[in-house]
Amino acid sequence: MKVGLLRAVGVVTAMYGVAVTAVPDLLARPSGLVDGKGRSARATRTSLRPLAWRDAASGLVLALAPEGPALRTAAYVRIAADFGDAVLLSATLPGRGRRLKAAAVSVGWGALSVVGLLAGE
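A brief structural summary.

### Side note on a nonpolar patch on the surface
Logical step 1: Nonpolar side chains collect at one region of the surface, where Val 12, Val 105, Trp 109 and Leu 112 lie side by side and expose about 310 Å² of accessible area between them.
Logical step 2: Per-element tally for the nonpolar patch: the top contributor is helix 5 (residues 96-118), with 3 residues.
Logical step 3: In this fold, Val 12 is placed in helix 1 (residues 3-22).

### Focus: the side chain of Ser 58
Logical step 1: Looking at the element boundaries, Ser 58 is found in helix 3 (residues 42-64).
Logical step 2: Of the residues examined, Ser 58 reaches a relative accessible area of 11% and is grouped as buried.
Logical step 3: When near neighbours in sequence (up to four residues on either side) are disregarded, Ser 58 contacts Val 77 and Arg 78.

### So, the pattern of salt bridges
Logical step 1: Applying the stated criterion across every chain, the model contains 6 salt bridges.
Logical step 2: Ionic pairing is found between Asp 85 and Arg 54, a salt bridge with its closest N-O pair at 2.7 Å. Taken together, the positions of Asp 85 in helix 4 (residues 69-92) and Arg 54 in helix 3 put the pair 31 residues apart, joining distant regions of the chain.
Logical step 3: The exposure class of Arg 54 is partly exposed, given its relative accessible area of 30%.
Logical step 4: The network of salt bridges with common partners includes Arg 54, Asp 55, Arg 78, Asp 82 and Asp 85.

### Examining helix 1
In an α-helix, one turn spans 3.6 residues, which is why side chains three or four residues apart end up on the same side.
Logical step 1: Here helix 1 is 20 residues long and its end C-alpha atoms lie 29 Å apart, about the 28 Å a rise of 1.5 Å per residue gives.
Logical step 2: For helix 1, every residue scored as buried is listed here: Val 3, Leu 6, Val 9, Gly 10, Thr 13, Ala 14, Gly 17, Val 20 and Thr 21. Taken end-on, helix 1 shows its buried residues confined to a sector of 135°, consistent with a single buried face. The exposed residues of helix 1 that point more than 90 degrees off its buried face are Gly 4, Met 15 and Ala 22.

### Some points on the environment of Ala 14
Logical step 1: You can see Ala 14 is positioned in helix 1.
Logical step 2: Given the relative accessible area of 12%, Ala 14 is considered buried.
Logical step 3: Look past the residues within four positions of Ala 14 in its chain and what remains in contact with it is Asp 55, Ala 56, Gly 59 and Leu 60.

### Digging into helix 3
Logical step 1: In this model helix 3 runs 33 Å from its N-terminal to its C-terminal C-alpha over 23 residues, within 8% of the 33 Å that 1.5 Å per residue would give.
Logical step 2: Looking only at helix 3, the buried set comprises Arg 45, Leu 48, Ala 52, Asp 55, Ala 56, Ser 58, Gly 59, Leu 62 and Ala 63.
Logical step 3: Looking at the packing, one finds that the buried side of helix 3 touches helix 1, helix 2 (25-31), helix 4 and helix 5.

### Points about the nonpolar core
Logical step 1: Core analysis: the largest hydrophobic core is formed by 11 residues, namely Met 1, Val 3, Leu 6, Val 9, Leu 62, Ala 65, Leu 71, Ala 74, Ala 75, Ile 79 and Leu 117.
Logical step 2: Breaking this core down by element, the ones donating at least two residues are helix 1 and helix 4.
Logical step 3: Ranked by the residues each element gives to this core, the list is headed by helix 4, at 4 residues.
Logical step 4: The contacts of Ala 74, once residues within four sequence positions are left out, are Val 61, Leu 62 and Ala 65.
Logical step 5: Residues Val 20, Ala 28, Leu 48 and Ala 52 belong to the second largest nonpolar core, which totals 5 residues.

Quick notes on the rules
- Residues numbered from 1 in each chain as written.
- Predicted model: local features only at pLDDT ≥ 70, side-chain atom pairs only at ≥ 80, totals over all residues.
- Heavy atoms only, no water.
- Patch = residues over 30% accessible without salt bridge, like charges linked within 9 Å, V, L, I, M, F, W, Y side chains within 5 Å.
- Areas by Shrake-Rupley, 256 points an atom, 1.4 Å probe, with all protein chains shown as cover.
- Salt bridge = Lys/Arg side-chain N within 4 Å of Asp/Glu carboxyl O.
- Helix = DSSP H or I, 4+ residues; strand = E, 2+ residues; numbered from the N terminus.
- Buried < 20%, exposed > 50% of the residue type's maximum accessible area, 1.4 Å probe, protein only.
- Contact = heavy atoms within 4.5 Å.
- Expected span 1.5 Å × (residues − 1).
- Arc of directions from axis to C-beta.
- Core = buried A, V, L, I, M, F, W, Y, C linked by side-chain atoms within 4.5 Å.

Bear in mind that shape data such as this cannot, by itself, settle questions of function.
Set out below in C-alpha cells:
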C-alpha cells in the first residue's frame, strides 16, 4: 500500500470538498448546472453541498486514518464514491462532453486510490 499517495488523495479531496461546500459553483459551472450568466440555482447549490461535504469528510478520513485496516477501508469508501460519481454524473449531466469529462475525472481520482491500495511501498 502506498500510504503517501492515499494521504495525498485524501488531503486534496478534503480541500476540494470544503471549497465546493463553501462555493458550490466550483462544481456547478464545469458540470453545466448553471444558467446563461454562469450562476447556479439555489436548489442546485443546496444539492451539491452534501456531495461536497461527503468528499470533505471521506478525504479527511483517508488523510488521517491509521495505517492498516482503517486506511484500507477509507480508501475503499473513496473509491466507491469516485466510481459512483463517474457512473451517476456520466449518465445525468447535461451535454455529452461534460458527462465524459466528469466520468474521466471521477475515474481518475478513484484510480489513484486503487493504485495506492495495490502498489507496494
